[in-house]
Amino acid sequence: ADLDVGVDLLAVERALRESALEDELYVAFQPQFSLRQNRVIGFEALARWRSHLLGEMPPDIFIAAAERSGHIGQITRLLFRRSLIELKRWPEHLFLSFNLSAQDLSDRAFILGLLDQIRELGIAPERVEFEITETAVMVDQEMSAAALEEMWKAGCRVALDDFGSGYSSFGYINRLKLDKIKIDKSFVREVHTNPVSREIVAMILTLCRNLGLSTVLEGIETESELAALQALGPDVVQGFFFGRPMTASAALA
């Protein structure tokens, strides 16, 4: 059965050790939609695990367990390759956005290995975007900056995820090489009811425009949320209103 959030992390770590992860891990894809172009422009790859021991696992829980138990590198490598193979089947104008963990970012050789996979499969690097979070960057700022430098040199793009959910987000815009900012859904969900949230989102969008960064508004679920946000002129939107995470074949269709 599915586990709730009070799940025992040790049980999850044990399942990670005892499972054939190659068979149980899969990727779901959620569309990113350009309001200006009125079309899907890319997909975010989302890690999923259907454990034969524990059932379908919540991603935040199994990723946390994988980071603690040292399985995260194996999971990232495996799912990144699968995501790239799907990307190869998509039309050229679509990109793939892929999340990296703190441990992934703190290992330069690991990052170079991911970049090698892009080259091996003959994919244009600008079609690959790496998503990082502020919390991941904070773990080892120096190594993270070096990893991002490698991604940039390879021609890939970098997005800062969950912007506004941490304490020092604005400092990262200044220090890191970024292409895109994803504004945290906690602000997005309140824009149509809370004037303060609306002002914060409007300010971040203006700042990003002035700095030449593109923006994604995450977590849009209803028409009223979209209507309130559309007036602020975001570049790209993502959320259940435009498409739930879906299988590779549904994404291709």
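Residues numbered from 1 in each chain as written. Predicted model: local features only at pLDDT ≥ 70, side-chain atom pairs only at ≥ 80, totals over all residues. Heavy atoms only, no water.

1. So, the overall build of the protein
Argument step 1. If you tally the helices and strands in the protein, you get 13 helices and nine strands.
Argument step 2. Scaling as 2.2 N^0.38, a compact globule of 253 residues should have a C-alpha radius of gyration of about 18 Å, and the protein matches this with 18 Å.
Argument step 3. For the C-alpha atoms alone, the extent of the protein along its principal axes is close to 50 × 40 × 40 Å.
Argument step 4. Residue pairs in contact within the protein that sit at least 24 positions apart in sequence constitute 70% of those at least 6 positions apart.
Argument step 5. Surface exposure of the protein reaches about 11,800 Å², of which carbon and sulfur atoms provide 53%.
Argument step 6. If you average the places of the 26 positive and of the 37 negative side-chain charges in the protein, the two averages end up 5 Å apart. (Helix = DSSP H or I, 4+ residues; strand = E, 2+ residues; numbered from the N terminus. Rg over C-alpha atoms; globule rule 2.2 N^0.38 Å. Contact = heavy atoms within 4.5 Å. Areas by Shrake-Rupley, 256 points an atom, 1.4 Å probe, with all protein chains shown as cover. Lys, Arg positive; Asp, Glu negative; His and termini not counted. Charge placed at Lys NZ, Arg CZ, Asp CG, Glu CD.)

2. Examining the nonpolar core
Argument step 1. Membership of the largest hydrophobic core comes to 73 residues, with the highest contact counts inside it found for F130 and M151.
Argument step 2. Among the elements that line this core, the one with the most residues is helix α4 (residues 72-89), at seven residues.
Argument step 3. Filtering out sequence-adjacent residues up to four positions away, F130 remains in contact with F80, F98, L100, L114, L115, I118, M151, C156, R157, V158 and A159. (Core = buried A, V, L, I, M, F, W, Y, C linked by side-chain atoms within 4.5 Å. Buried < 20%, exposed > 50% of the residue type's maximum accessible area, 1.4 Å probe, protein only.)

3. A word on the pattern of salt bridges
Argument step 1. The final tally for this structure, using the stated rule, is 16 salt bridges.
Argument step 2. Put simply, R36 and D235 hold a salt bridge, and the shortest N to O gap is 3.1 Å. Taken together, the residues span a long stretch of sequence, with R36 in the loop between β1 (25-34) and β2 (39-51) and D235 in the loop between α12 (223-230) and β9 (236-237) at a distance of 199 residues.
Argument step 3. In this structure R36 comes out as exposed when scored by relative accessible area, which is 63%.
Argument step 4. Among the ionic pairs, E221 bridges to R189, the shortest N-O distance being 3.5 Å. Remark: R189 occurs in the loop between α10 (185-188) and α11 (195-211) and E221 occurs in the loop between β8 (214-217) and α12; sequence separation between them is 32 residues.
Argument step 5. Taking the relative accessible area as the measure of exposure, R189 reaches 33% and is therefore partly exposed.
Argument step 6. Overlapping salt bridges bring together E44, E131, K182 and E218 as one network. (Salt bridge = Lys/Arg side-chain N within 4 Å of Asp/Glu carboxyl O.)

4. Considerations on the packing of aromatic side chains
Argument step 1. Scanning the entire structure with this criterion turns up seven aromatic pairs.
Argument step 2. Ring geometry for F29 versus W90: centroids 5.4 Å apart, planes at 80°, classification edge-to-face. Taken as a pair, F29 in strand β1 and W90 in the loop between α4 and β4 (95-99) lie far apart in primary sequence, 61 residues in all.
Argument step 3. Here W90 falls in the buried class, since its relative accessible area comes to 4%.
Argument step 4. Both rings, one in F33 and one in F242, keep their centres 5.0 Å apart while their planes meet at 20°; by these two values the pair is stacked. One end of the pair, F33, is in strand β1; the other, F242, is in the loop between β9 and α13 (248-252), and 209 residues separate them in sequence. (Phe/Tyr/Trp six-rings, centres within 6.5 Å; stacked < 30°, edge-to-face > 60°.)

5. As for the pairing of β4
Argument step 1. With four of five residues buried, β4 is to be regarded as a mostly interior element.
Argument step 2. As paired strands, β2 and β4 are joined by four bridges and run parallel to one another. Within β4, the residue paired with F43 across the bridge is L96.
Argument step 3. Bridge count for β4 against strand β5 (residues 128-133) is four bridges, and the pairing is parallel. (Pairing = 2+ DSSP bridges.)

6. Thoughts on the confidence of the model for the protein
Argument step 1. Of all residues in the protein, 94% attain a pLDDT of 70 or more, and the chain-wide mean is 90.
Argument step 2. Under a pLDDT of 50 for its full length, residues 1-5 has, in the predicted model, 10 contacts with residues more than four places off or in other chains. (pLDDT = per-residue confidence, 0-100.)

7. Digging into the side chain of E44
Argument step 1. On the secondary structure map, E44 appears in strand β2.
Argument step 2. Judged by relative accessible area, E44 falls into the buried class, the value being 5%.
Argument step 3. Within the structure, E44 has its side chain in polar contact with the side chain of Q238 (distance 2.7 Å).
Argument step 4. Contacts of E44, omitting those with residues within four sequence positions, involve A28, F29, Q30, Q32, S97, N99, E131, K182 and Q238. (Polar contact = N/O pair within 3.5 Å; in protein donor to acceptor, adjacent residues only side chain to side chain.)

8. Observations regarding α12
Argument step 1. All of the buried residues along α12 are E225, L226, A228 and L229. The buried residues of α12 occupy one face: seen down the axis, they fall within an arc of 165°. α12 presents E223 and A227 as exposed residues on the side facing more than 90 degrees away from its buried surface. (Arc of directions from axis to C-beta.)

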